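Below, each chain spelled out in residue letters.
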Amino acid sequence: MARHADSPSADLVRMMLVGFAVAATAAAAAAFGILVFVGFFWKMNWVQKLATGPSRATSRRGQSRKIGQLPPVYPNGWFALLESSSLRKGQVEHVSALGQNFAVFRTESGIVRIINAYCPHLGANMAEGGEVKGEELECPFHSWRFCGETGKCTSIPYSKNVPSAVRTKVWESSESNGLIFVWHHAESAAPDWYPKPIEGISNGTWRYQGRNEFYINCHIQEIPENGADWAHLEAVHGASMLNVGFMAKVMRHSWTNASWSSPTTTLLHADKEASEQHVATSCLRHSVILFDKFSLLEMDVVALQIGPAYVELHLRTAFGPICIIQSVTPVEPLLQKVTHLVFAPVFAAPCSKIILIGESLMFKRDVRVWNHKKFMENPMLVNEDTNIKKYRRWYKQFYSENSPTYESCKNSLDW
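Residues numbered from 1 in each chain as written. Predicted model: local features only at pLDDT ≥ 70, side-chain atom pairs only at ≥ 80, totals over all residues. Heavy atoms only, no water.

Peer 1: Which residues make up the pattern of salt bridges, and what values do they have?
Peer 2: Scanning the entire structure with this criterion turns up 11 salt bridges. A salt bridge links R211 to E213; its shortest N-O distance comes to 2.6 Å. By relative accessible area, E213 is classed as buried at 11%. A salt bridge links K373 to E222; its shortest N-O distance comes to 2.8 Å. Of the two residues, K373 sits in the loop between α6 (349–370) and α7 (386–395) while E222 sits in helix α3 (residues 222–225), which places them 151 residues apart along the sequence. In the salt-bridge network here, residues are joined through shared partners; they are E83, R211 and E213. (Salt bridge = Lys/Arg side-chain N within 4 Å of Asp/Glu carboxyl O. Buried < 20%, exposed > 50% of the residue type's maximum accessible area, 1.4 Å probe, protein only. Helix = DSSP H or I, 4+ residues; strand = E, 2+ residues; numbered from the N terminus.)

Quick look at the structure:
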């Protein structure tokens, strides 16, 4: 019996099915590729300027904000001025913070130096148009050069002599864990501790995964105080990260086993037995609860508050360790720049992206409170708030006799 040839319509259907299959395969491959890229290679950069007004505490509605009786606004300690990746060899940056103007530059040999931005000759800002020459910074106005290590003027091109008294202030600097720090002390005391490199970051085992950045209107002490305030976790951060519609009803966050202590013996650095007064420790366990029954995404968090403005959050997850580096830098007395840098091993990269998104959304909830609250010098506390008292006693060590106050600083903000 003769075999009938397929009709043209059947051939067309087969061609369409093959085309759809190829397109579906290509789409699936593309989607998988995008997921791989986002999970393992994309570096998140979440920047939000959520401050409600100038640091004189004016709200969005123009109403006067009660700020309370504030502690000194610039504590003593190490403060992050820049991220290491933002400063190349031979580059100089101007940073205004802590009531100072800094010229931060990386010499041709790769060393970071920080000096006063204003040239002692006629006051030009050496970070604006200045050039790095070897280990020195050259002023853009008259080409005077200053040694980054000593601050001495080494060259005046039109003068036969360089007076030995001509020099600029050199600020003690340190670089570790992706950040460039400056030492600030109201009594001009030398550093008695330094930020320490985290092994996983310094040896490249933990890779940079992304960052966020926030600007906030509040006193610097209020931000790390949340680490000792476990009661706020359920009130502010208990609701689902996706707190809308159906998800708000079926999912919530759980925060348990919260504790705060200081001083502590840190077990996460090379000198494991060193007890350090400038370090405080917060611990807690986080999990996502579905339908009030199922516990997912459990992780233990150990937060090391190191000095007044630097925190290391070490997360132990099912996918591996994840580290979040938090820095708080006073741009003005009541204007804080807060950044979080995330590092993780390559296989924990996708999880770290999810955590960074969640942390960014959760942090915004805190910002809404900080932007409008009044600092309470003598708050009404209950027994369960005892860690807040301990935290404030611990934090006082970063203030000294000449620490700048809000009143002493505010008259200089108009320039």
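Structure's up, so let's keep going.
Peer 1: An account of the packing of aromatic side chains is needed here, citing residue identities and associated values.
Peer 2: By the definition in use, this model includes 16 aromatic pairs. Centroid distance Y208 to F343: 5.9 Å. Interplanar angle 65°. Geometry classified as edge-to-face. Taken together, the residues Y208 in strand β13 (residues 207–216) and F343 in strand β21 (residues 335–344) connect sequence positions 135 residues apart. Here Y208 falls in the partly exposed class, since its relative accessible area comes to 31%. The class of F343 is buried, set by a relative accessible area of 6%. Taken together, a centroid distance of 6.2 Å and an interplanar angle of 40° make the contact between Y391 and W394 tilted. (Phe/Tyr/Trp six-rings, centres within 6.5 Å; stacked < 30°, edge-to-face > 60°.)

Peer 1: Tell me about the nonpolar core, residues and numbers included.
Peer 2: One finds L81, F102, V104, I114, V182 and I216 to be the most contacted residues of the largest nonpolar core, which totals 41 residues. If near-sequence neighbours (up to four positions away) are discounted, F102 is found in contact with L81, E93, H94, V95, A97, I114, I115, A117, A127, W171 and V182. The next biggest cluster of nonpolar side chains, apart from the first, holds 18 residues, and it includes W183, I198, W206 and C323. (Core = buried A, V, L, I, M, F, W, Y, C linked by side-chain atoms within 4.5 Å. Contact = heavy atoms within 4.5 Å.)

Peer 1: Go over the confidence of the model for the chain, please, and point to the residues and values.
Peer 2: The predicted coordinates ought not to be read in detail in places where the model reports low pLDDT. Summary statistics for the chain give a mean pLDDT of 87 and a share of 79% for residues scoring 70 or more. For the stretch residues 55–62, pLDDT sits under 50, and the model shows 23 contacts to residues farther than four places along the chain or on other chains. Confidence drops under pLDDT 50 across residues 264–273; counting only partners more than four residues distant or on other chains, this segment forms 25 contacts. (pLDDT = per-residue confidence, 0-100.)

Peer 1: Would you mind going over the environment of H286 in detail, with residue names and values included?
Peer 2: Along the polypeptide, H286 turns up in strand β17 (residues 279–290). The spatial distance from the C-alpha of H286 to the C-alpha of L296 is 9.3 Å, given a sequence separation of 10 residues. With near-sequence residues (within four places) excluded, H286 lies in contact with H253, S254, W255, L297, E298 and M299. Within the structure, H286 has its side chain in polar contact with the side chain of H253 (distance 2.9 Å). (Polar contact = N/O pair within 3.5 Å; in protein donor to acceptor, adjacent residues only side chain to side chain.)

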